[in-house]
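# Descriptive structure summary
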Amino acid sequence: MLSHLQIRILWLLGIVVICGLGILFLDPIPQDPNYHRFADDRPYFGIPNFLNVISNLPLILVGIIGLGWTLRVRKVAPDPLLLLPYGIFFAGVFLTGMGSCYYHALPENKTLVWDRYPMTLAFMALFSAIWMEHVSRKGGIILLPGFLLLGFFSVWYWEYTERSGLGDLRLYGGVQFVPLLLIPFILAWFRSGYSKRHYFFYALGFYGLAKVLEHFDRELFQATGVVSGHSLKHLAAALAAFVILLMLCHRQFQEKPGRIL
């Protein structure tokens, strides 16, 4: 007879299969050319789209601080291996900020890939860390390279199909959507030996806010006349990453991880 743990893992796999089939049945989704036309394109100091560029600085800063922190505490952490995906996550946050600066200075598909590659690095690394903490330590570290490769491939596939004239964002969208869908189930169904895990919900909330701000880019710029939704999106995304850093810093290093498989 299957254990409760195994049944819950099967439920997670079922959700992945259902989402995967749903993505396959969708028509290919090309990149909308209007995506590159942001509401606030004002140049300052010779930098085009100035606020969309510099609003990435908090992402860069959080990435640097987070990566430095994981490297500094790895010798005193009860499970140094767990810091590997977190270190990759903060490296992804840093590279996302850098790539987004580059993209917003010259917004087009060719530069957008350097924004999206590191984004998948951050997504997949964080999902692996959550899996390690809650479901299976061994499974999470084994799956980490596969998750990272899948994220990389999703961006490469989109860029390849765009160059072929048949752009397809389905896989890239799935790489973002499916982990975000699974994380609340993992947090609800599985226990962790580490404290402060409610911070994950705060991070999800800030990331959700970032997506809302992105959607209302033009409306917010028209309403304020000062800042656009996309610039605010970068700040909300940086707050999401900062919450993860706070969670790690506030944990008690003397606590031992709970059941790990």
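As the structure is a computational prediction, the values presented were derived from the model and not from experiment. (Residues numbered from 1 in each chain as written. Predicted model: local features only at pLDDT ≥ 70, side-chain atom pairs only at ≥ 80, totals over all residues. Heavy atoms only, no water.)

With that out of the way, let us pick up the UniProt feature "transmembrane region" (unreviewed entry) in the protein. When the UniProt feature table is mapped onto this chain, "transmembrane region" (unreviewed entry) is found at residues 9–30, 50–71, 83–105, 117–134, 141–158, 170–190, 199–216 and 231–249. For the annotated span residues 50–71, helix accounts for 91% and strand for 0% of the residues, and the straight-line distance between the end C-alpha atoms is 33 Å. The distance from the first to the last C-alpha atom of residues 83–105 is 33 Å, and the span holds 100% helix and 0% strand. (UniProt positions renumbered as here; feature names shortened; annotations may be inferred. Helix = DSSP H or I, 4+ residues; strand = E, 2+ residues; numbered from the N terminus.)

It is worth spelling out a nonpolar patch on the surface at this point. On the surface, Leu2, Ile7, Leu10, Trp11 and Leu13 cluster together into a nonpolar patch covering about 500 Å² of accessible area. Judged by relative accessible area, which is 55%, Trp11 ranks as exposed. (Patch = residues over 30% accessible without salt bridge, like charges linked within 9 Å, V, L, I, M, F, W, Y side chains within 5 Å. Areas by Shrake-Rupley, 256 points an atom, 1.4 Å probe, with all protein chains shown as cover. Salt bridge = Lys/Arg side-chain N within 4 Å of Asp/Glu carboxyl O. Buried < 20%, exposed > 50% of the residue type's maximum accessible area, 1.4 Å probe, protein only.)

A full pass over the atoms with the stated rule returns two cavities of 30 Å³ or more. Forming the boundary of the largest cavity are 31 residues, of which Phe89, Ala122, Phe123, Tyr207 and Ala237 lie nearest the centre. A per-class count over the lining of the largest cavity returns 21 nonpolar, seven polar and three charged. (1 Å grid on protein atoms, 1.4 Å probe; cavity = no way out; pocket = protein on both sides within 12 Å on 5 of 7 lines; lining within 4 Å. Points joined across faces, edges and corners; volume = space filled by probe spheres on them. Nonpolar A, V, L, I, M, F, W, Y, C, P; charged D, E, K, R; others polar.)

On to the nonpolar core, then. Within the largest apolar cluster, 63 residues are counted, with the highest numbers of intra-cluster contacts made by Tyr86, Phe89, Ile186, Phe200 and Ile244. Elements represented by at least two residues in this core include exactly helix H1 (4–25), helix H3 (57–73), helix H4 (83–105), helix H5 (109–134), helix H6 (137–163), helix H7 (170–189), helix H8 (199–215) and helix H10 (229–250). If you tally residues by element for this core, the top one is H5, at 14 residues. Setting aside its immediate chain neighbours within four residues, Phe89 contacts Ala122, Ala125, Leu126, Ala241 and Ile244. (Core = buried A, V, L, I, M, F, W, Y, C linked by side-chain atoms within 4.5 Å. Contact = heavy atoms within 4.5 Å.)

A separate point is the confidence of the model for the protein. Chain-level statistics for the protein give a pLDDT mean of 91 and a share of 96% at 70 or above. Of the regions scoring below 50 in pLDDT, residues 253–261 engages in 24 contacts with residues more than four places distant in sequence or in other chains. (pLDDT = per-residue confidence, 0-100.)

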